[in-house]
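# Structure at a glance
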Amino acid sequence: NMKKILIVDDEPDILEFLTYNLIKEGFDVSVATNGVEALKIAKEKIPDLIILDVMMPEMDGIETCRQLREISLFKHTIIIFLSARSEDYTQVAGLETGADDYIVKPVKLRILLSKINSYFRRIGKTEINQDTLQIGALIINRQKYIVTDNSKEYSLPKKEFELLYLLASKPNIVLTRDAIYTHIWGDEIIVGDRTIDVHIRKLRDKFGDNIIKTIKGVGYKFEST
């Protein structure tokens with residue numbers, strides 16, 4: 001089964017270069033030149049991975065990512081930003097809308113292919129020890145990717161869910177940043193320094209500032225009373 005990739009970029013040279021090389025690697029590639037077109041094609045093709053530029057006409061990549069994540073079909077689709085915008089606030093905005101990764105252009109083709117293949121290798125890998133984890137009022141359902149907190153139900157993006165599950169499965173134990181990166185993103189995938197911070201902040205916004213404690217210079221731990 002060929003993995004399907006949707007490339008969204010308004011630069012013809014980028015589209016041509018990526019399309020040629022990804023097809024050569026055996027992927028089924030579709031392209032779009034703006035966010036509006038991307039949403040339409042995504043619904044038709046149901047890609048396994050989407051590569052998004054940030055600055056595009058009609059609808060930019062940040063808004064496109066946000067709208068994709070609101071559609072149940074794309075709740076867990078791999079979304080990677082590939083953009084010339086390197087400012088911290090742009091990268092944080094991209095990750096906060098639910099992207100799995102943010103890569104700054106120019107990127108070497110070899111590195112991009114390595115990242116894509118690494119993400120695909122992790123799809124379907126099972127690290128489930130139990131279907132449901134409960135700590136106090138917090139119930140984490142691994143089968144449905146749903147978290148219930150005091151009867152309020154949350155459907156989290158895949159990486160947020162996996163991060164919460166990982167920390168909650170080892171209550172009061174400090175996990176280093178490196179350990180978290182390896183477990184959630186894989187040691188063959190290089191993600192930005194802010195990736196974990198963004199995901200932690202989003203979890204705190206939903207479940208309270210005290211649920212996850214920062215151990216300065218080391219990592220994080222799930223606080224279980």
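It should be emphasised that the depicted structure is a prediction, and the values quoted were computed from it without experimental measurement.

Definitions and cut-offs
Residues numbered from 1 in each chain as written. Predicted model: local features only at pLDDT ≥ 70, side-chain atom pairs only at ≥ 80, totals over all residues. Heavy atoms only, no water. Pairing = 2+ DSSP bridges. Helix = DSSP H or I, 4+ residues; strand = E, 2+ residues; numbered from the N terminus. Axes fitted to C-alpha atoms, helices over the stretch in contact; angles between N-to-C directions. Buried < 20%, exposed > 50% of the residue type's maximum accessible area, 1.4 Å probe, protein only. Contact = heavy atoms within 4.5 Å. Parallel < 35°, antiparallel > 145°, perpendicular 65-115°, else oblique. Left-handed = near helix turned anticlockwise from the far one by under 90°. Nonpolar A, V, L, I, M, F, W, Y, C, P; charged D, E, K, R; others polar. Salt bridge = Lys/Arg side-chain N within 4 Å of Asp/Glu carboxyl O.

## What about the sheet that holds strand β6 (residues 132-135)?
- The 4 strands are arranged β6-β7-β8-β9 in an open sheet whose pairing can be described as antiparallel. Lying at the two open borders of the sheet, with one neighbouring strand each, are β6 and β9 (152-155). This sheet shows a mean twist of 15° between the axes of neighbouring strands, independent of strand direction.
- Bridge count for strand β7 (residues 138-141) against strand β8 (residues 146-149) is 4 bridges, and the pairing is antiparallel. The residue bridging N141 from the neighbouring strand is I146, located in β8.

## Quick word on helix α6 (residues 158-168)
- With 10 of its 11 residues buried, α6 lies for the most part within the structure.
- Among all positions of α6, only K159, E160, F161, E162, L163, L164, Y165, L166, L167 and A168 are buried.

## Quick notes on the environment of L22
- With respect to the secondary-structure elements, L22 resides in helix α1 (residues 12-24).
- In sequence terms L22 and L109 are 87 residues apart; their C-alpha atoms lie 9.6 Å from each other.

## So, the sheet that holds strand β10 (residues 175-176)
- Within the open sheet, the 3 strands sit side by side as β10-β12-β11. Their pairing is antiparallel. Each edge of the sheet is formed by a strand with only one pairing partner; in this case those strands are β10 and β11 (212-215).
- Across the sheet, α6 lies against β10, β11 and β12 (219-222), angled at about 70° from β12, the strand it touches most.

## Regarding the packing of α6 against helix α7 (residues 177-184)
- In the contact formed by α6 and α7, the axes pass within 10 Å of each other and the chain directions differ by 125°. By the angle between their axes, α6 is oblique relative to α7. Seen along the crossing, α6 lies across α7 with a hand that is right-handed. On the side of α6, the interface is formed by K159, E162, L163, L166 and L167, while α7 contributes I180, H183 and I184.
- In terms of residue class, the contact of α6 with α7 is built from 5 nonpolar, 1 polar and 2 charged.

## Focus on the pattern of salt bridges
- Inspection of the entire model under this criterion finds 16 salt bridges.
- Residues E63 and R66 are paired through a salt bridge, measuring 2.5 Å at the closest nitrogen-oxygen approach. On the criterion of helical spacing, the pair formed by E63 and R66 is a turn pair, its members being 3 residues apart in helix α3 (residues 61-69).
- Between E162 and K158 there is a salt bridge, and its shortest N-O distance comes to 2.6 Å.

## A word on the pairing of β8
- Between the end of β7 and the start of β8, which pair antiparallel, lie 4 residues, with Y145 showing a positive phi angle near 55°.
- Bridge analysis of β8 against β9 gives 4 bridges, and the strand direction is antiparallel. Looking at β9, one finds that V147 is bridged to Y154.
- Connecting the antiparallel pair β8 and β9 is a turn made up of 2 residues, with N150 showing a positive phi of about 50°.

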